[in-house]
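Chain by chain, the residues run as shown.
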Amino acid sequence: MESTQERVRELGSKVVYQIYVRSFNDSNADGIGDLRGITQRLDYLAGLGVDYLWLTPFFKSPQNDNGYDVADYRSVEPMFGTMEDFDELSQEAKKRGIGLMLDMVFNHTSTEHEWFQKALTGDPKYLAYYKFVDAAPNACEEDPGEPPTNWVSKFGGNAWQYVPSLNKWYLHLFDRTQADLNWDNPEVRHELEDVVRFWKAKGVSGFRFDVVNLISKPAELQNDYEGDGRRFYTDGPHIHEYLQELVRESGIDGMITVGEMSSTSIANCIRYSNPECHELAMAFNFHHLKVDYDHGNKWALQPADLGELRSLFKSWQEEMTAAGGWNALFWSNHDQPRPNSRFGDVQNHWYQTTTALAACTHIMRGTPYIYQGEELGMTNPGFTSIDQYRDVESINYYRILQDEGKTPEEAFHIVAERSRDDSRTPVQWDATQNAGFTTGTPWIGVASNYTTINAAAEVADPHSPYAFYKHLIEVRKAEPVIQEGDVRFVDADPGTDSEGVIAYERTLGATRVLAMTNLTSHDCAPFAASVANGGEVLVSNYEGAPLAREGRLVLRPFETLALIWRG
Ligand code: GLC
Ligand code: CA
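The rules behind each value
Residues numbered from 1 in each chain as written. Chains lettered and ligands numbered in written order. Predicted model: local features only at pLDDT ≥ 70, side-chain atom pairs only at ≥ 80, totals over all residues. Heavy atoms only, no water. Core = buried A, V, L, I, M, F, W, Y, C linked by side-chain atoms within 4.5 Å. Buried < 20%, exposed > 50% of the residue type's maximum accessible area, 1.4 Å probe, protein only. Contact = heavy atoms within 4.5 Å. Donors = N, O, S within 2.8 Å, 3.2 Å for Na, K, Ca; no water. Pairing = 2+ DSSP bridges. Helix = DSSP H or I, 4+ residues; strand = E, 2+ residues; numbered from the N terminus. Axes fitted to C-alpha atoms, helices over the stretch in contact; angles between N-to-C directions. Patch = residues over 30% accessible without salt bridge, like charges linked within 9 Å, V, L, I, M, F, W, Y side chains within 5 Å. Areas by Shrake-Rupley, 256 points an atom, 1.4 Å probe, with all protein chains shown as cover. Salt bridge = Lys/Arg side-chain N within 4 Å of Asp/Glu carboxyl O. Lys, Arg positive; Asp, Glu negative; His and termini not counted. Charge placed at Lys NZ, Arg CZ, Asp CG, Glu CD. Polar contact = N/O pair within 3.5 Å; in protein donor to acceptor, adjacent residues only side chain to side chain. Near = heavy atom within 4 Å. Nonpolar A, V, L, I, M, F, W, Y, C, P; charged D, E, K, R; others polar. Phe/Tyr/Trp six-rings, centres within 6.5 Å; stacked < 30°, edge-to-face > 60°. Lys NZ or Arg CZ within 6 Å of the ring centre and 35° of its normal. Parallel < 35°, antiparallel > 145°, perpendicular 65-115°, else oblique. Left-handed = near helix turned anticlockwise from the far one by under 90°.

*Asks:* Lay out the nonpolar core with the relevant residues and their values.
*Replies:* Residues Leu-53 and Trp-199 are the most contacted members of the largest nonpolar core, which totals 147 residues. With residues near it in sequence (within four places) discarded, Trp-199 still touches Phe-58, Phe-59, Tyr-73, Arg-74, Met-83, Phe-86, Leu-102, Met-104, Val-204 and Phe-207. Phe-155, Leu-171, Phe-174 and Leu-214 belong to the second-largest nonpolar core, a separate cluster that totals 16 residues.

What follows is the structure, encoded as structure tokens:
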């Protein structure tokens with residue numbers, strides 16, 4: 001058994017790169033990214049310096065939610081390739097020192113999964129695999145009556161679907177074609193453990209577990225008169241027990257694993273990620289990505305509350321650390337708009353915004369995740385028409401917002417800011433047609449800025465976001481203080497206009513790092529110039545020495561600066 005300290009060092013020295021397979025690279029001109037497309041780009045990824053690739057689901061699926069609706073956990077969806085393609089990718093990655101992490105979507109299956117299809121025939125064994133509830137005796141298709149609860153699907157509408165042939169409802173926290181599994185049934189748990197063992201035996205390095213903190217539903221189903229139902233099933237009654245069993249029975253304790261934790265708490269994430277609890281290696285939480293939601297509503301825009309952002313980072317960093325938890329560090333994934341478009345000013349400060357956000361999280365305590373294209377400073381595509389969107393959630397909400405009284409223009413504006421498709425546009429490889437992603441017609445449009453924002457240009461440019469990310473990875477690998485040092489947030493001097501500054505210290509023995517990021521487009525001077533005395537510049541996104549004026553250290557628009565004092 002490795003010691004806790006060794007474990008921290010291990011997790012703290014690694015960087016994960018997320019690949020949204022569909023949009024990464026297309027090898028056969030059908031317009032859809034695929035496994036061979038990834039193999040073709042492995043040298044690029046090795047050059048960046050990442051340790052693991054998290055691949056989004058490439059399993060057999062009708063693709064109603066782009067693969068998060070799995071119809072067979074053990075086979076490769078033909079549009080993404082074959083099992084041989086997977087094995088080749090795995091071997092070629094290994095040769096370059098890169099491991100694969102697979103995405104396990106275990107809260108639900110596609111309604112095309114064999115289990116659900118058998119349930120539909122009325123087979124009691126498989127009915128018990130899902131959350132079926134009897135409808136009223138006189139219910140029928142035209143008039144199914146009230147659903148079992150008023151819970152709202154994450155993709156809009158009620159979370160229950162009526163099946164006339166069974167006269168039952170089934171629960172779907174996501175799309176109607178994503179039926180929630182019944183984790184209270186031990187047979188379901190054993191089936192899923194076996195799926196993990198199957199992929200582990202194929203030599204993968206780790207796993208990401210999709211919305212895994214939603215798997216344990218309450219025994220008693222009740223309406224939620226305060227919210228959308230999530231408080232009943234989030235971090236649910238048996239969640240820790242089920243996770244421990246999954247990890248133990250599939251033999252993945254100590255591997256690199258991460259759980260996607262929806263609307264979770266620090267207390268739960270400590271248990272999810274403290275090695276002594278034998279659950280997962282780390283957790284994604286999303287609180288910092290809701291600071292621009294008006295009253296927590298994703299579909300109501302408000303400017304990002306940077307004070308709230310700082311305070312969330314502070315509590316997650318400090319409290320998780322104090323209790324032996326471990327954070328996954330990230331701004332971006334396939335469900336989020338591009339962070340530079342969202343939190344920064346890509347018109348006037350594209351390079352600074354992109355790199356400031358990167359350094360702000362990469363120097364924290366935890367394991368950083370880079371979402372494909374983030375290292376290039378890819379932006380939201382700026383689509384101008386709803387026909388350009390593909391995502392089920394975006395399309396649903398464009399309609400729901402209008403049903404709620406928004407004009408088509410208002411609804412479109414909100415969707416354009418919040419759509420998951422903002423980050424799902426093809427990776428911009430070069431300045432050729434379709435950004436080098438495909439020679440066919442891409443399944444979703446390419447952002448028009450690919451002629452300047454692309455990998456070919458940036459790999460050759462020492463002042464590009466790509467070069468900056470590469471440097472951040474090198475710095476993490478070179479500095480034990482970043483891998484395993486303690487973390488403490490530093491307050492700005494009282495009375496300074498520093499609401500948008502995030503500053504923290506990392507310490508290990510006598511070595512100290514001070515990381516400061518200005519997330520605003522104006523100068524901020526939160527500290528006396530003397531805070532920099534004797535410090536060596538470790539990371540900076542402005543040329544030249546740190547700027548001091550009238551005895552104050554000045555952080556320019558979207559400036560990030562990390563200084564180190566070596567013990
Ligand atoms: C996760 C995935 C998202 C998917 C959802 C349902 O949030 O990241 O893409 O739609 O789970 O599986
Ligand atoms: Ca393809």
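Further notes follow.
*Asks:* With reference to specific residues and values, describe the coordination of the calcium ion (ligand 2).
*Replies:* The protein atoms that coordinate the calcium ion (ligand 2) are Asp-26 (OD), Asn-28 (OD1), Asp-30 (OD), Ile-32 (O) and Asp-34 (OD), at distances spanning 2.2 to 2.3 Å. Read from N- to C-terminus, the donor residues coordinating the calcium ion (ligand 2) fall into the pattern D-x1-N-x1-D-x1-I-x1-D. On the accessibility criterion, Asp-30 (33% relative accessible area) is partly exposed.

*Asks:* Lay out the sheet that holds strand E19 (residues 501-508) in plain terms, naming residues and giving numbers.
*Replies:* What links the strands of a sheet is backbone hydrogen bonding, and the strands pair in either a parallel or an antiparallel sense. In space, the five strands of this open sheet follow the order E18-E19-E20-E25-E22, with antiparallel pairing throughout. Taken across any chain shown, the strands that pair with only one partner, and hence form the sheet edges, are strand E18 (486-489) and strand E22 (536-540). Looking at each pair of strands side by side, their axes are set apart by 20 degrees on average, direction ignored. The pairing of E22 with strand E25 (residues 560-565) spans four bridges and is antiparallel. From the neighbouring strand, Ser-540 faces E25, where its bridge partner is Leu-561. Running over the sheet, helix H17 (residues 465-478) touches E22 and E25 and is turned about 135 degrees from E22.

*Asks:* Which residues make up a negative patch on the surface, and what values do they have?
*Replies:* A cluster of acidic residues, Asp-305, Glu-308, Asp-497 and Glu-499, forms a negative patch on the protein surface. Relative to the helices and strands, Glu-308 resides in helix H11 (residues 306-322). For Glu-308, a relative accessible area of 35% translates into the label partly exposed.

*Asks:* Please provide a residue-by-residue account of the pattern of salt bridges, values included.
*Replies:* Following the criterion strictly, the structure yields 41 salt bridges and no others. Between Asp-194 and Arg-74 there is a salt bridge, with the nearest N and O atoms lying 2.9 Å from each other. One end of the pair, Asp-194, is in helix H7 (residues 186-201); the other, Arg-74, is in strand E4 (residues 72-76), and 120 residues separate them in sequence. Across the pair Asp-335 and Arg-424 runs a salt bridge, and its minimum N-O distance is 3.1 Å. Taken as a pair, Asp-335 in the loop between strand E16 (328-329) and helix H12 (339-343) and Arg-424 in the loop between helix H15 (408-418) and helix H16 (455-459) lie far apart in primary sequence, 89 residues in all. Where salt bridges share partners, they join Asp-65, Lys-298, Asp-335, Asp-391, Glu-393, Arg-420 and Arg-424 into one cluster.

*Asks:* I'd like a description of the side chain of Glu-505, backed by residues and values.
*Replies:* Tracing the backbone through its elements, the reader meets Glu-505 in strand E19. The exposure class of Glu-505 is buried, given its relative accessible area of 13%. Among the polar contacts listed, one links the side chain of Glu-505 to the side chain of Arg-512, at a separation of 2.8 Å. Dropping the residues within four chain positions of it, Glu-505 is found in contact with Asp-486, Val-487, Arg-488, Val-490, Arg-512, Val-513 and Leu-514.

*Asks:* Summarise the site of ligand 1; cite the residues concerned and give the values.
*Replies:* Taken together, 14 residues surround ligand 1, and among them Asp-65, Asp-210, Glu-260, His-334 and Asp-335 come closest. His-108 places a side-chain nitrogen or oxygen 2.9 Å from an oxygen atom of ligand 1. The contact in question runs from an oxygen atom of ligand 1 to an N or O atom on the side chain of His-334, over 2.8 Å. Relative to its unbound accessible area of 310 Å², ligand 1 is 96% covered by the protein chains. Among the residues forming the shell around ligand 1, the class breakdown is four nonpolar, three polar and seven charged.

*Asks:* Tell me what's going on with the packing of aromatic side chains, and back it up with residues and numbers.
*Replies:* Under the defined criterion, the tally for this structure stands at 38 aromatic pairs. Residues Tyr-17 and Phe-24 carry aromatic rings whose centres are separated by 6.3 Å and whose planes lie at 75 degrees to one another, so their mutual orientation is edge-to-face. Assessed through its relative accessible area of 0%, Phe-24 is described here as buried. Between the NZ or CZ atom of Arg-74 and the centre of the ring of Phe-198, over which it lies, the distance is 5.8 Å.

*Asks:* So what's going on with the packing of helix H9 (residues 239-250) against helix H10 (residues 266-273)? Residues and values would help.
*Replies:* Their axes nearest at 11 Å, the elements H9 and H10 cross at an angle of 20 degrees. The orientation of H9 with respect to H10, classified from their angle, is roughly parallel. The way H9 lies across H10 gives a crossing that is right-handed. Contacts from Ile-239, His-240 and Leu-243 of H9 reach H10 at Asn-268, Arg-271 and Tyr-272. By residue class, the composition of the contact of H9 with H10 is three nonpolar, two polar and one charged.

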